[in-house]
Amino acid sequence: MRGRTDEVQKRRLITSLCVVAIVLGFLFVYYGSLFGSRVQRGTSTLRRLGTSYLGGNEDADLGSKQDESSTTFGQEDGDSDIALKSFPVCDDRHSELIPCLDRNLIYQMRLKLDLSLMEHYERHCPTPERRYNCLIPPPPDYKVPIKWPRSRDEVWKANIPHTHLAHEKSDQNWMVVKGEKIVFPGGGTHFHYGADKYIASLANMLNFSNNNLNNEGRVRTVLDVGCGVASFGAYLLSSDIIAMSLAPNDVHQNQIQFALERGIPAYLGVLGTKRLPYPSRSFELAHCSRCRIDWLQRDGILLLELDRLLRPGGYFAYSSPEAYAQDEEDLRIWKEMSALVERMCWKIAAKRNQTVIWVKPLTNDCYMEREPGTQPPLCRSDDDPDAVWGVPMEACITPYTEQHHRARGSGLVPWPARLTAAPPRLADFGYSNEAFEKDTDVWHRRVENYWNLLNPKIKANTLRNVMDMKTNMGSFAAALKEKDVWVMNVVPEDGPNTLKLIYDRGLIGTVHNWCEAFSTYPRTYDLLHAWTVFSDIEKKGCSVEDLLLEMDRILRPTGFIIIRDKRPLVESVKKYLTALHWEAVATADGESDSEQDEDEVVCVIQKKMWLTNDSLRDSE
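Residues numbered from 1 in each chain as written. Predicted model: local features only at pLDDT ≥ 70, side-chain atom pairs only at ≥ 80, totals over all residues. Heavy atoms only, no water.

An unreviewed UniProt entry lists the protein under the name Methyltransferase, from Macleaya cordata. According to the UniProt record, the Sequence similarities (unreviewed entry) comment for the protein is "Belongs to the methyltransferase superfamily." (UniProt positions renumbered as here; feature names shortened; annotations may be inferred.)

J.: Give a description of the environment of E538 that names residues and reports values.
T.: Assignment of secondary structure puts E538 in helix α16 (residues 533-540). Separated by 31 residues in sequence, E538 and L569 have C-alpha atoms that sit 9.2 Å apart. (Helix = DSSP H or I, 4+ residues; strand = E, 2+ residues; numbered from the N terminus.)

J.: Outline the packing of aromatic side chains, listing residues and values.
T.: Each aromatic ring pair is summarised here by two numbers: the centre-to-centre distance and the angle between the ring planes. All told, the structure shown has 23 aromatic pairs when counted by the stated rule. When the centroid spacing of 6.2 Å and the interplanar angle of 65 degrees are considered together, the rings of Y278 and Y503 count as edge-to-face. Residue Y278 is found in the loop between β8 (266-268) and β9 (283-289), and its partner Y503 is found in helix α15 (residues 499-504); the two are separated by 225 residues along the sequence. You can call Y278 buried: its relative accessible area is 0%. Over the face of the ring belonging to W443 we find R446, whose NZ or CZ atom lies 4.6 Å from the ring centre. (Phe/Tyr/Trp six-rings, centres within 6.5 Å; stacked < 30°, edge-to-face > 60°. Buried < 20%, exposed > 50% of the residue type's maximum accessible area, 1.4 Å probe, protein only. Lys NZ or Arg CZ within 6 Å of the ring centre and 35° of its normal.)

J.: Could you give me a rundown of the sheet that holds strand β3 (residues 154-156), with the residues and numbers involved?
T.: Read across the open sheet, the three strands follow the order β3-β5-β4; overall the sheet is antiparallel. Pairing within the sheet leaves two strands with one partner each, and these edge strands are β3 and β4 (176-178). Between one strand axis and the next, the sheet turns through 30 degrees on average, direction left out of account. Across three bridges, β3 lies against strand β5 (residues 181-183) in antiparallel orientation. Across the sheet, V155 pairs through a bridge with I182, a residue of β5. (Pairing = 2+ DSSP bridges. Axes fitted to C-alpha atoms, helices over the stretch in contact; angles between N-to-C directions.)

J.: Which residues make up the state of the cysteines, and what values go with them?
T.: Taken as a whole and judged by the stated rule, the model has six disulfides. Across a sulfur-sulfur distance of 2.1 Å, C345 and C366 are joined as a disulfide pair. Residues C345 and C366 are joined through a disulfide that is left-handed, its torsion about the S-S bond being -85 degrees. Separated by 21 residues along the polypeptide, C345 in the loop between α10 (328-343) and β11 (347-352) and C366 in helix α11 (residues 365-369) bring together distant segments of the chain. Here C379 engages in a disulfide with C396; their sulfurs sit 2.0 Å apart. Between C379 and C396 the disulfide shows an S-S torsion of about 90 degrees. By sign, it is right-handed. Here C396 lies in the loop between α11 and α12 (402-407) and C379 lies in the loop between α11 and α12, a separation of 17 residues in the sequence. Each member of the pair, C379 as well as C396, is classed as buried. (Disulfide = S-S within 2.5 Å.)

Here's what the structure looks like:
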């Protein structure tokens, strides 16, 4: 009897324990979920996001919006001292994520793209529900980049751990692996013995004085298509020439990432179906050295895009087998290409060895003298050659305006005088010379104040790659001329297209919509200048958190952000600093130059260095 009683008691005890466990489990799940959603707002703990950590499929890997704040951005909620939320960390596989140029996204969305037209290398941005709402981690053992000018010739291998180009192009001196560094001897597919000698030979072909390609300041802006690791652009800098080095994220992956890591101006783009994001008449020289582009496709549409971008009297330097080889196929291509550019009114300026240089006409005279029906046709009179954001290319010739036709050229003064001279196209926007001069002076004062705020944190060579996220006439970049930096000037896609003023000043830039990700690799800029960018995002109704994550993606660890905006918006941004691993290093009132900026405040932020190896750790 005693044994039976003990057995019954044991069963009852086990049953009771099971019931208690179930109840406690239910309470844990219920209250844990409530607590978890609340703790999102107050903690800076960063969680992992990615299939290797969640064990999910591709769609699960896309991430999802974290718990949204109930307050509107820029409005006070009475609790301004805490971070609004935390952000998880993306899987290490996404350390080089470019959201709008993501091959996996194209595959997942099953986009029907024409590979022969390079559509898969053009921008295709994720919808909000498919965005990676997480911090992009640096690769393991990431180091603060080597400073300019040393970076032109060497970078840390750990920062871009890709050495396949060194092996694939080993006979062409693109790059060489030496211990912990990747070294760039200055070679290229066409100029194995150095870009400097090749550049001098181009100048010699054109009879420029002292074999200097800048031609006494007349050649300043250059477009290098299919640029490789941008050694051509790197060696142009010493001649006071700035090149927009352009290449897609193609089979030679990371070439643009290498260029930007070196401190060379570069942009991810492709001659595909859309116009390049630059206005007409932006470049004095276009360059293609073994760039593997079929210039004859679609009635010469890609050459006609270069024609749109070249200034009156601009040059196209073409180094390729078609220019010299004697086999049947190369001769055919050369013959057809020569006939095409002749109908486009280009003439050969020089031809030597493996290189030909064509020159574009100064006026419309040649276009008017062509036989009726000659192909390619002139573009329609209602076509805006400066409209570029998502605008399809057309196989037509862009004629000059009557003003440029009469002027027989661009009307630009040589560099560096053109930086501060009123641009000829200023009148297109109704701006006066006085307004231009005032804008230049205002930004010169503002940049001086910025540098005073930055001085305690930076040395002479701390900054190299700078982005002005919203520029008007390029005066912020102009004020930085004496600093050893270059500036990517970004003009909003929905505002006045002042980008042509920037190029007329001898600067470079692009058009962009900050509701989307920028076409660059992660960790490629040292300084972001955000003047009223958050005000614009708020007006558009786009996600401020997406913008902050994008800014973090493209900013190098230890890099800086200068936010100049309305005080409530700046205070709202500060709530995210801990979650982003950012730190406010200086705040100041913005000097008032008009009624519009009376309430502006300036906040200087630095991105901390943090690394991740299976778990997050702060490197400081």
